[in-house]
Amino acid sequence: MITSAWPYINYVPHLGTLIPILSADVVARYYRLKGEEVLYVTGSDEHGTPIEVEAVRRGIPPKQLTDENHAKVVELFDRWNVQFDNYSRTESPTHKEFVQKHYMQIYENGHIFTEETDMTYCENCQRFLPDRFIEGKCPYCGYESARGDQCESCGRLLEPVKLIDPYCVICKGKPALKRTKHWYFDLPRFSERLLQFIEENKRLPDNARNFSLNLLKEGLKPRALTRDNKWGIPAPFPGAEDKTIYVWVEAVLGYVSATIEYFKKHGDGEKWKDFWFNKEAKTLYFIGKDNIPFHTLILPALLLASNEGYNLPWNVSTNEFLQFKEEAFSKSRRIGIWIDEALELFPADYWRYFLMATRPETKDTNFTWKTFIEKVNADLNDSFGNFIHRTITFLNRNFDHTVPASTLEEDDKEVLEEVRKKLMQIGELIENCRLQSAVNTVMEISRLGNRYLNEKEPWNQLKTDPRKAANTIYVAAQIVKTLAITSAPFMPQTAQKTWNLLNMPGIVHEQKWEEAIIPLPPGHKVNKAKPLFSKITLTEDELEAKLEEIRQRREG
């Protein structure tokens, strides 16, 4: 089972939010090509205070906002060619039912307690100020605009009463403290089992492992499960009729509910258990680093607390942040490029390639138009696209669109063996969630193909030794086929276009990974060459101006 963090849909996601979703899509596509039984589930996270805040600002009900945004993102993800098995939402009846049932189970198991506490309250707005209804200075790093649930700068989990100089985000007034009763999950009770889980899971990336171990070392605190707001899933506990379940501890259970929902829709209501209880099954999560504690500590603890024997995360692939002009992409502060804007500028595969080729795996990376232009022009157009176009064009012009017979020499065989090794390497890299290296290795195959053509010069071989020219273009055609398969997880539209150029039957995504090195037979007819990419001719300033023009048109 493959999942990605559920995008919070108070607004259309930005490119930074998209990275875990695309990463999961790449890996899901790869495992399907490998013949595995794959289920990729995620959905729209639509409860909690950010939605309420945005709805209050717009003067509309929260459900109206999330209905609109859910429909938008479903359509946008389709245009980005993300191949979900089930893209759900937290307003799903299946999700609501599962969350309430799961928490009642934990409650009955004795892992939930109540406590009266002083919470921030805005007298002017006549409401409690949980989570993102309140901002202030982070008590840990001093960040000035820390939210009531988590600091966007240092990633620490927060409580509203911990903020320094807090204020209501609606009216900017200073809050008072008011007594209220809440239900808490006894997270510290699971410290030892969580420590064992983290230490024994050797697949966790260093950022997820180290962050989690530091939190365990500091000592876990009980986590509030309820909130004093109306937009969310009603808390099922006796006496909690005016409370909702806290969005962070509700949405993480969506991975389970979306699996249940998928199999309900497909008429196999018990099949979901194969993914969650069968110990041979693997659950693979893709998230940003700000989501680490919720997936390495809170979700595993919630699963353990049920005593049902759920599978804990097999791996939690955690990317660092993609920055924009040296600042973090931010939905709340609206800094960056949004996924709808991106598609108005360039086709999805340009962005899919760029975001995976620069995926922030070990450190934050910075988006610049300069880097984007370089990656598209040098990699996609001049290397990948150029090699395929040269090969197909040469077959069209000189071999009547036909893959010729060959009598390969040693250096030809060595090139095909190097391609085979790179195919194996790409698979290993994807399986280890090193997607940046994997897609760059795909690009290395196209560079190898271009070098091979340049060294062999088949246009001259035609004049001096046509047999050698046939050998060369035969090898080049096999490399094109390898590129069609290996690019499929990363650039699905481009892969299909390449498959079509080769005149191969069926859909490239329904092939097997090993098909990449099964030779095209002599006599196989290819189609007429067509360019796969176009060079970007606009300057950085012109692209920035075009982005601003898109925004002004939408706002207007």
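Look a little higher up for the structure.
Below, the structure is looked at part by part. (Residues numbered from 1 in each chain as written. Predicted model: local features only at pLDDT ≥ 70, side-chain atom pairs only at ≥ 80, totals over all residues. Heavy atoms only, no water.)

Strands sit in the order β5-β4-β9-β10 across an open sheet of 4 strands; the sheet is antiparallel. Since the sheet does not close on itself, it has two edges, and those belong to β5 (127-128) and β10 (223-224), each with one partner. Where strand β4 (residues 112-122) and strand β9 (residues 176-185) come together, 10 bridges link them in antiparallel fashion. What sits directly across from threonine 114, in β9, is tryptophan 183. (Pairing = 2+ DSSP bridges. Helix = DSSP H or I, 4+ residues; strand = E, 2+ residues; numbered from the N terminus.)

This next bit is on unusual backbone geometry. Notably, asparagine 81 is not glycine yet its phi reads approximately 60 degrees, a positive angle. One can find asparagine 81 in the loop between α3 (62-79) and β3 (86-89). For asparagine 81, a relative accessible area of 18% gives the class buried. Its identity as a non-glycine residue notwithstanding, glutamate 457 has a phi of 50 degrees, on the positive side. Take glutamate 457: it is sitting in the loop between α15 (435-456) and α16 (458-464). On the accessibility criterion, glutamate 457 (33% relative accessible area) is partly exposed. (Buried < 20%, exposed > 50% of the residue type's maximum accessible area, 1.4 Å probe, protein only.)

Ranked by size, the top nonpolar core spans 105 residues in total, and within it Ile2, Leu15, Trp80, Trp351, Leu355, Trp369 and Phe372 carry the most contacts. Top element by residues in this core is helix α1 (residues 15-33). It accounts for 12 residues. If we skip the residues at most four places from it in the chain, tryptophan 80 touches Leu15, Leu18, Leu22, Ile339, Ala342, Leu343, Ala348, Trp351, Arg352 and Leu355. (Core = buried A, V, L, I, M, F, W, Y, C linked by side-chain atoms within 4.5 Å. Contact = heavy atoms within 4.5 Å.)

Three- or four-residue spacings in an α-helix give side chains the same orientation, since the helix completes a turn every 3.6 residues. Burial runs high along helix α18 (residues 492-501): 7 of the 10 residues are buried. Within α18, the full set of buried residues consists of Pro492, Thr494, Ala495, Gln496, Thr498, Trp499 and Leu501. Contact partners of the buried residues in α18: α1, α12 (348-357), α13 (369-398) and α17 (466-486). Positive backbone phi, approximately 60 degrees, marks asparagine 503, located one or two places after α18.

Here we come to the sheet that holds strand β7 (residues 146-147). One open sheet holds the 3 strands; their spatial order is β7-β6-β8, and the pairing between them is antiparallel. The two strands at the open ends of the sheet, each matched to only one other strand, are β7 and β8 (164-168). Relative to β8, strand β6 (residues 134-137) runs antiparallel, the two being bridged by 3 bridges. Bridge pairing in β8 places glutamate 135 opposite tyrosine 167.

Turning next to the packing of helix α5 (residues 191-200) against helix α10 (residues 292-305). Remark: α5 packs on α10, axes separated minimally by 10 Å, with the N-to-C direction vectors making an angle of 120 degrees. Between α5 and α10, the crossing angle belongs to the class labelled oblique. Crossing handedness for the pair α5 and α10: right-handed. The residues of α10 that touch α5, namely those facing Arg193, Leu194, Phe197 and Ile198, are Thr296, Leu297, Pro300, Ala301 and Leu304. When its residues are assigned to classes, the contact of α5 with α10 shows 7 nonpolar, 1 polar and 1 charged. (Axes fitted to C-alpha atoms, helices over the stretch in contact; angles between N-to-C directions. Parallel < 35°, antiparallel > 145°, perpendicular 65-115°, else oblique. Left-handed = near helix turned anticlockwise from the far one by under 90°. Nonpolar A, V, L, I, M, F, W, Y, C, P; charged D, E, K, R; others polar.)

Moving on to the state of the cysteines. Inspection of the entire model under this criterion finds 0 disulfides. Here cysteine 151 stays free of any disulfide, with the sulfur of cysteine 141 as its closest cysteine sulfur at 3.6 Å. Here cysteine 171 stays free of any disulfide, with the sulfur of cysteine 122 as its closest cysteine sulfur at 3.5 Å. On the basis of relative accessibility, which here comes to 27%, the residue cysteine 171 falls in the partly exposed class. (Disulfide = S-S within 2.5 Å.)

Turning our eyes to something else, we now look at the packing of aromatic side chains. Tallied over the full model, the rule gives 35 aromatic pairs. When the ring of phenylalanine 354 is compared with that of phenylalanine 372, the centres are 5.2 Å apart and the planes differ by 70 degrees; the resulting orientation is edge-to-face. A residue pair is termed long-range when its members are at least 10 positions apart, and phenylalanine 354 in helix α12 and phenylalanine 372 in helix α13 qualify at 18 residues. A relative accessible area of 0% places phenylalanine 372 in the buried class. Taking the ring centre of tyrosine 140 as reference, the NZ or CZ of arginine 156 above it sits at 3.9 Å. Stacked on the ring of tyrosine 246, the Lys or Arg arginine 227 has its end atom at 3.8 Å from the ring centre. (Phe/Tyr/Trp six-rings, centres within 6.5 Å; stacked < 30°, edge-to-face > 60°. Lys NZ or Arg CZ within 6 Å of the ring centre and 35° of its normal.)

Our focus in this paragraph is the pairing of strand β2 (residues 40-44). Counting buried residues along β2, 5 of its 5 residues qualify, which places the element largely inside the surrounding structure. Handedness of the crossover joining strand β1 (residues 2-4) and β2 through α1: right-handed. With 4 bridges joining them, β2 and β3 adopt parallel strand pairing. Bridge pairing in β3 links glycine 43 to serine 88. (Right-handed = clockwise from strand over helix to strand, strands pointing away.)

Examined against the element boundaries, asparagine 381 turns out to sit in helix α13. Among the polar contacts made by the side chain of asparagine 381, one reaches the side chain of aspartate 382 at a distance of 3.0 Å. (Polar contact = N/O pair within 3.5 Å; in protein donor to acceptor, adjacent residues only side chain to side chain.)

Before going further, it helps to spend a moment on α15. Relative to the 32 Å expected for 22 residues at 1.5 Å per residue, α15 spans 32 Å between its end C-alpha atoms, a close match to the ideal helical length. Glutamate 457 lies just past α15 and shows a positive phi near 50 degrees. (Expected span 1.5 Å × (residues − 1).)

Mapped onto the secondary structure, glycine 427 falls in helix α14 (residues 410-431). Between the C-alpha atom of glycine 427 and that of tyrosine 30, which follows or precedes it by 397 residues, the distance is 7.9 Å. Beyond its immediate stretch of four places on either side in the chain, glycine 427 contacts Tyr30 and Trp513.

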